[in-house]
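If you want the building blocks of each chain, they are given just below.
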Amino acid sequence: KVEFGVIHKFKYPMKNDPTKCIIVATTRIETMLGDVAVAVHPSDERYKDLIGKELQHPIIKDRKMKVIADDILVDPKFGTGAVKITP
């Protein structure tokens, strides 16, 4: 049975401190293999100190990922407040 519209949450740990992480949510979990960054709103207190820092991809260990700021496309009140970036 295939279910559509199911939201999956997963963590991207910080590269320099794996005890800290950003949780993202998606209905297309398979796209996480292409993720290259995670965007957050620059005024979101939960994440603003993480902007510019590196993340560790949970599967592709040598992928370089960063936390980037976007005050237009990221709504801090929607979902986890973090948007995964897949080109």
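The residue numbers shown here count from 1 along each chain, following its written sequence. Given that this is a predicted model, residues contribute local features only at a pLDDT of at least 70 and side-chain atom pairs are listed and counted only at 80 or more, while totals for whole chains, interfaces and linings are drawn from all residues. The side-chain numbers reported here are obtained from all heavy atoms of the structure, hydrogens and water having been left aside.

**Section: the pattern of salt bridges**
When the charged atoms of two side chains with opposite charge come close together, those side chains can pair. Any carboxyl oxygen of Asp or Glu that lies within 4 Å of a side-chain nitrogen of Lys or Arg is treated as forming a salt bridge with it. The full count for this structure, using the stated rule, is four salt bridges. Put simply, Glu 30 and Arg 28 hold a salt bridge, and the shortest N to O gap is 2.6 Å. Think of it in three bands: with a 1.4 Å probe and only protein chains considered, a residue is buried below 20% of the maximum accessible area for its type, exposed above 50%, and partly exposed in between. Its relative accessible area of 48% is what places Arg 28 among the partly exposed residues. Taking the shortest distance from any N to any O, the salt bridge between Asp 35 and Lys 84 comes out at 2.7 Å. Placement of the pair is Asp 35 in the loop between β2 (21–26) and β3 (37–40) and Lys 84 in strand β6 (residues 82–85), with a sequence separation of 49 residues. Put simply, DSSP marks the helices as runs of H or I at least four residues long and the strands as runs of E at least two long, and each gets a number from the N terminus on.

**Some points on the layout of surface pockets**
Counted as a void, the largest pocket has a volume near 240 Å³. Here a cavity denotes grid points, spaced 1 Å and computed from the protein atoms alone, that fit a 1.4 Å probe unable to get out, and a pocket denotes an open set having protein on both sides within 12 Å along at least 5 of 7 lines; residues with an atom within 4 Å of a point are the lining. Along the wall of the largest pocket there are 15 residues; nearest its centre are Ala 25, Phe 78, Gly 79, Thr 80 and Ala 82. Within the residue set of the lining of the largest pocket, elements represented by two or more residues are β2 and β6. The element best represented in the lining of the largest pocket is β6, accounting for three residues. When residue character is reported, Ala, Val, Leu, Ile, Met, Phe, Trp, Tyr, Cys and Pro are called nonpolar, Asp, Glu, Lys and Arg charged, and the others, Gly included, polar. In the lining of the largest pocket, the residues fall into seven nonpolar, five polar and three charged. Grid points are joined across faces, edges and corners, and a volume is the space filled by probe spheres set on the points.

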